[in-house]
Amino acid sequence: MGELMTNDRVRLTYRDTGGEGVPLVMLHGWGQTQKMFRHQMDGLAPARRVITLDLRGHGLSEKPRHGYRIARLAHDVLDLVDHLGLDRFDALGWSMGASVWWSFIDQYGSGRIRRLVAVDQPAAVAAVPWLTPEEQRDSGAIFGVADLLELGAALAGPDGGRVRDDFVRGMFSGDPDGDLIAFVMEEIKSTPSFAGVPLLYDHCAQDWRDVLPRVDVPTLVIGCEGSHVSPASQRFIAGLIPDARLHVFPAGVANSHFPFLENPPAFNAVVDTFLSAADEISSLAIA
């Protein structure tokens, strides 16, 4: 484990396997921690350098009373890659982590990113009234505006723990493994409501449809049939990003918003195949 200080003096905790090759920087979703990628640290790290981060307000990182916006998290990631001296890296973001990478590209460009993997994140989370029903459906909007406000108030209220657990349970389909759900519910406890609620609101208010066509690095979009995020929204995103690839896990392989936890071998194989294709191209160019 390592630590860095952001430019606004917030201490963040990260893990770096220190392996060889192009680093892979992985970002977790809202309320979660870098432990979500525990199987990738083991499953991908032998062949590559894997770096994970607890975003501010999450996990072991500091929980200040400021900075709970996607744009600020993107700057925190810039602080991380600068701290580690990464001139070239692969990027993976799951759920809100994908939004952080889209914000990173929007603000700082893609010059340091070799390949991008976006896992199960809608192009727009909130069904704001100026989107047509078709646009809401394509974008994968999950919440109506009133529903989002109600959820935020409930998470910040006296029964916030139960609301949070119900929210997590809704990200799984069917009859999922009890230990897996318990693990996710335990990790999300590390994010206090004063951090999680404003961040959730800001996260859900973003609309990335204008950014996606400007993602100019090879991209893999991953969805899951059993997730609360519609696979159709992942197809829509793959259609907006130039030359993006799409992989949707069938329900028999992974049946939740957490395919990297539910079926690590399948998830790792898909990611490794995508990133290894770039490794092979680089080797041929050097030869």
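Residues numbered from 1 in each chain as written. Predicted model: local features only at pLDDT ≥ 70, side-chain atom pairs only at ≥ 80, totals over all residues. Heavy atoms only, no water.

**Some points on the overall build of the protein**
Link 1 in the chain: Scanning the protein from N- to C-terminus turns up 11 helices and 10 strands.
Link 2 in the chain: Computed over its C-alpha atoms, the radius of gyration of the protein comes to 18 Å, within 12% of the 19 Å expected for a compact globule of 287 residues.
Link 3 in the chain: Considered along the principal axes of its C-alpha atoms, the protein spans approximately 60 × 40 × 40 Å.
Link 4 in the chain: The buried share among the 287 residues of the protein stands at 56%. (Helix = DSSP H or I, 4+ residues; strand = E, 2+ residues; numbered from the N terminus. Rg over C-alpha atoms; globule rule 2.2 N^0.38 Å. Buried < 20%, exposed > 50% of the residue type's maximum accessible area, 1.4 Å probe, protein only.)

**Remarks on the nonpolar core**
For soluble globular proteins, nonpolar side chains are generally found buried alongside one another.
Link 1 in the chain: Core analysis: the biggest nonpolar cluster contains 89 residues, and W101 and W102 have the highest contact counts within it.
Link 2 in the chain: Those residues within four positions of W102 in sequence are excluded, and the remaining contacts are L116, A118, Q121, P122, W208, V211, L212, V215 and I237. (Core = buried A, V, L, I, M, F, W, Y, C linked by side-chain atoms within 4.5 Å. Contact = heavy atoms within 4.5 Å.)

**Thoughts on unusual backbone geometry**
Most peptide bonds are trans, and most residues other than glycine sit at a negative phi.
Link 1 in the chain: Non-glycine residue R9 carries a positive phi angle of around 70°.
Link 2 in the chain: Looking at where R9 falls in the secondary structure, it is placed in the loop between β1 (2-5) and β2 (11-16).
Link 3 in the chain: Phi is positive for D243, which is not a glycine, with a value near 60°.
Link 4 in the chain: Tracing the chain through its elements places D243 in the loop between α9 (231-240) and β10 (245-249).
Link 5 in the chain: What makes D243 exposed here is its relative accessible area of 76%.

**Points about the pairing of strand β4 (residues 50-54)**
Link 1 in the chain: Within β4, five of the five residues are buried, which leaves it mostly tucked inside the rest of the structure.
Link 2 in the chain: Judged from the four bridges that link them, β2 and β4 form a sheet pairing that is antiparallel. Bridge pairing in β4 links T13 to D54.
Link 3 in the chain: Examined bridge by bridge, strand β3 (residues 24-27) and β4 share four bridges and lie parallel to one another. By the bridge assignment for β4, L27 is matched with L53.
Link 4 in the chain: Chirality of the crossover, the property in question, places the unit of β3, helix α1 (residues 38-43) and β4 among those that are right-handed. (Pairing = 2+ DSSP bridges. Right-handed = clockwise from strand over helix to strand, strands pointing away.)

**Quick notes on the sheet that holds β1**
Think of a sheet as strands paired side by side through backbone hydrogen bonds, with each pair either parallel or antiparallel.
Link 1 in the chain: Strand order across the open sheet formed by eight strands is β1-β2-β4-β3-β5-β6-β9-β10, with mixed pairing between neighbours. Across the chains shown, the open sheet's two edge strands, defined by having one partner strand only, are β1 and β10. Geometrically, the sheet is characterised by an average inter-axis angle of 20° between neighbouring strands, direction not taken into account.
Link 2 in the chain: Against the sheet, helix α3 (residues 96-108) makes contact with β3, β5 (89-94) and β6 (113-119), and its axis sits at roughly 135° relative to β5, the strand it touches most. (Axes fitted to C-alpha atoms, helices over the stretch in contact; angles between N-to-C directions.)

**Here we look at the environment of V128**
Link 1 in the chain: By the secondary structure assignment, V128 is in the loop between β7 (126-127) and α4 (133-139).
Link 2 in the chain: For the pair V128 and S256, spaced 128 residues apart in sequence, the C-alpha to C-alpha distance is 25 Å.
Link 3 in the chain: Sequence-distant contacts of V128, defined by excluding residues within four places in its chain, comprise Q136 and V145.

**Observations regarding the packing of helix α5 (residues 145-156) against helix α8 (residues 193-205)**
Link 1 in the chain: Viewed as axis vectors pointing N to C, α5 and α8 meet at an angle of 170°, and their least axial separation amounts to 9 Å. Judged by the angle between their axes, α5 and α8 are roughly antiparallel. Of the residues in α8, those touching α5 at L148, L149, L151, G152, L155 and A156 are S193, V197, L200, Y201 and C204.
Link 2 in the chain: Split into classes, the residues belonging to the contact of α5 with α8 amount to nine nonpolar, two polar and no charged. (Parallel < 35°, antiparallel > 145°, perpendicular 65-115°, else oblique. Nonpolar A, V, L, I, M, F, W, Y, C, P; charged D, E, K, R; others polar.)

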